[in-house]
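Secondary and tertiary structure notes
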Amino acid sequence: QVQLVESGGGLVQAGGSLRLSCAASGGTFSKYVMGWFRQAPGKEREFVAATSWSGAIHYADDVKGRFTISRDNAKNTVYLHMSSLKPEDTAVYYCAADGGLFTTILSRYDYWGQGTQVTVSS
């Protein structure tokens with residue numbers, strides 16, 4: 001039983017930055033693959049970034065060079081630092097946990113947070 005709680009969303013100007021946090025409880029955090037996904041109005045939820053327990057990292061093409069995922073196992077927390085934000089980044093951002101193999105596929109993740117809204121104005 002794993003609970004995930006996102007925080008850090010808000011309203012920013014284009015070109016600005018935000019850091020999202022996802023606090024996990026109820027599981028062995030260091031053994032989970034942790035991912036970030038986002039969902040814009042009228043669109044399907046899409047992969048953003050993920051990091052495995054061993055430190056492997058993968059980013060979606062449209063966020064490479066702008067977003068950085070990291071994890072602090074001592075704090076049971078995963079972060080998504082977002083810079084050079086664009087209006088197209090506006091979405092609800094979700095963190096997710098997977099106890100299996102490293103994956104970027106949404107349906108493979110077992111646990112999800114409630115999401116945090118990120119709005120980027122132009």
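In this report, the structure presented in the accompanying data block is examined.

Time to look at the state of the cysteines. Under the counting rule described, the total for this entry stands at 1 disulfide. With a sulfur-sulfur separation of 1.9 Å, Cys22 is cross-linked through a disulfide to Cys95. Because the torsion about its S-S bond is 55°, the bridge between Cys22 and Cys95 counts as right-handed. One end of the pair, Cys22, is in strand E3 (residues 18–25); the other, Cys95, is in strand E9 (residues 91–98), with 73 residues separating them in the sequence.

Let us now look at the sheet that holds strand E8 (residues 77–82). Through backbone hydrogen bonds, the strands of a sheet pair up, either in parallel or in antiparallel fashion. Across the sheet, 4 strands lie side by side as E1-E3-E8-E7; this open sheet has antiparallel pairing. With partners counted over all chains shown, the strands left at the sheet margins are strand E1 (3–7) and strand E7 (67–72), one partner each. Recorded for the sheet is a direction-independent mean angle of 15° between the axes of neighbouring strands. Direction of pairing for E3 relative to E8: antiparallel, over a ladder of 6 bridges. Bridge assignment links Ser21 to a residue of E8, and that residue is Tyr79.

The next subject is the pairing of E1. Only one face of E1 is buried: it carries Leu4 and Glu6, and the other face, with Gln3, Val5 and Ser7, is open. For E1 and E3, the ladder comprises 5 bridges, and the chain directions are antiparallel. What sits directly across from Val5, in E3, is Ala23.

Okay, the pattern of salt bridges next. Going through the model one piece at a time under the given rule, you end up with 5 salt bridges. The partner of Arg38 in a salt bridge is Asp62, with the nearest N and O atoms 3.0 Å apart. Taken together, the residues span a long stretch of sequence, with Arg38 in strand E4 (residues 33–39) and Asp62 in the loop between strand E6 (57–59) and E7 at a distance of 24 residues. Between Asp89 and Arg66 there is a salt bridge; the shortest N-O distance is 2.7 Å. With a gap of 23 residues between them, Asp89 in the loop between E8 and E9 and Arg66 in the loop between E6 and E7 connect regions that are remote in the sequence. Within this structure, Arg38, Glu46, Asp62, Arg66 and Asp89 form a network of salt bridges that share partners.

This next bit is on the packing of aromatic side chains. The final tally for this structure, using the stated rule, is 5 aromatic pairs. Here Tyr32 and Tyr111 contribute two aromatic rings whose centre-to-centre distance is 6.2 Å and whose plane-to-plane angle is 85°, an arrangement assigned as edge-to-face. Placement of Tyr32 in the loop between E3 and E4 and of Tyr111 in strand E10 (residues 111–112) is noted, with a sequence separation of 79 residues between them. Here the aromatic rings of Phe37 and Tyr109 are separated by 5.2 Å at their centres, their planes lie at 80°, and the arrangement is edge-to-face. With a gap of 72 residues between them, Phe37 in strand E4 and Tyr109 in the loop between E9 and E10 connect regions that are remote in the sequence. In this structure, Phe37 and Tyr109 share a single accessibility class: buried. Through a chain of ring-to-ring contacts, three or more aromatic side chains come together here, namely Phe37, Phe47, Tyr109 and Trp112. A cation sits over an aromatic face here: Arg45 above Tyr94, 3.7 Å from the ring centre. Taking the ring centre of Trp112 as reference, the NZ or CZ of Arg45 above it sits at 5.1 Å.

The rules we used
Residues numbered from 1 in each chain as written. Predicted model: local features only at pLDDT ≥ 70, side-chain atom pairs only at ≥ 80, totals over all residues. Heavy atoms only, no water. Disulfide = S-S within 2.5 Å. Helix = DSSP H or I, 4+ residues; strand = E, 2+ residues; numbered from the N terminus. Pairing = 2+ DSSP bridges. Axes fitted to C-alpha atoms, helices over the stretch in contact; angles between N-to-C directions. Buried < 20%, exposed > 50% of the residue type's maximum accessible area, 1.4 Å probe, protein only. Salt bridge = Lys/Arg side-chain N within 4 Å of Asp/Glu carboxyl O. Phe/Tyr/Trp six-rings, centres within 6.5 Å; stacked < 30°, edge-to-face > 60°. Lys NZ or Arg CZ within 6 Å of the ring centre and 35° of its normal.

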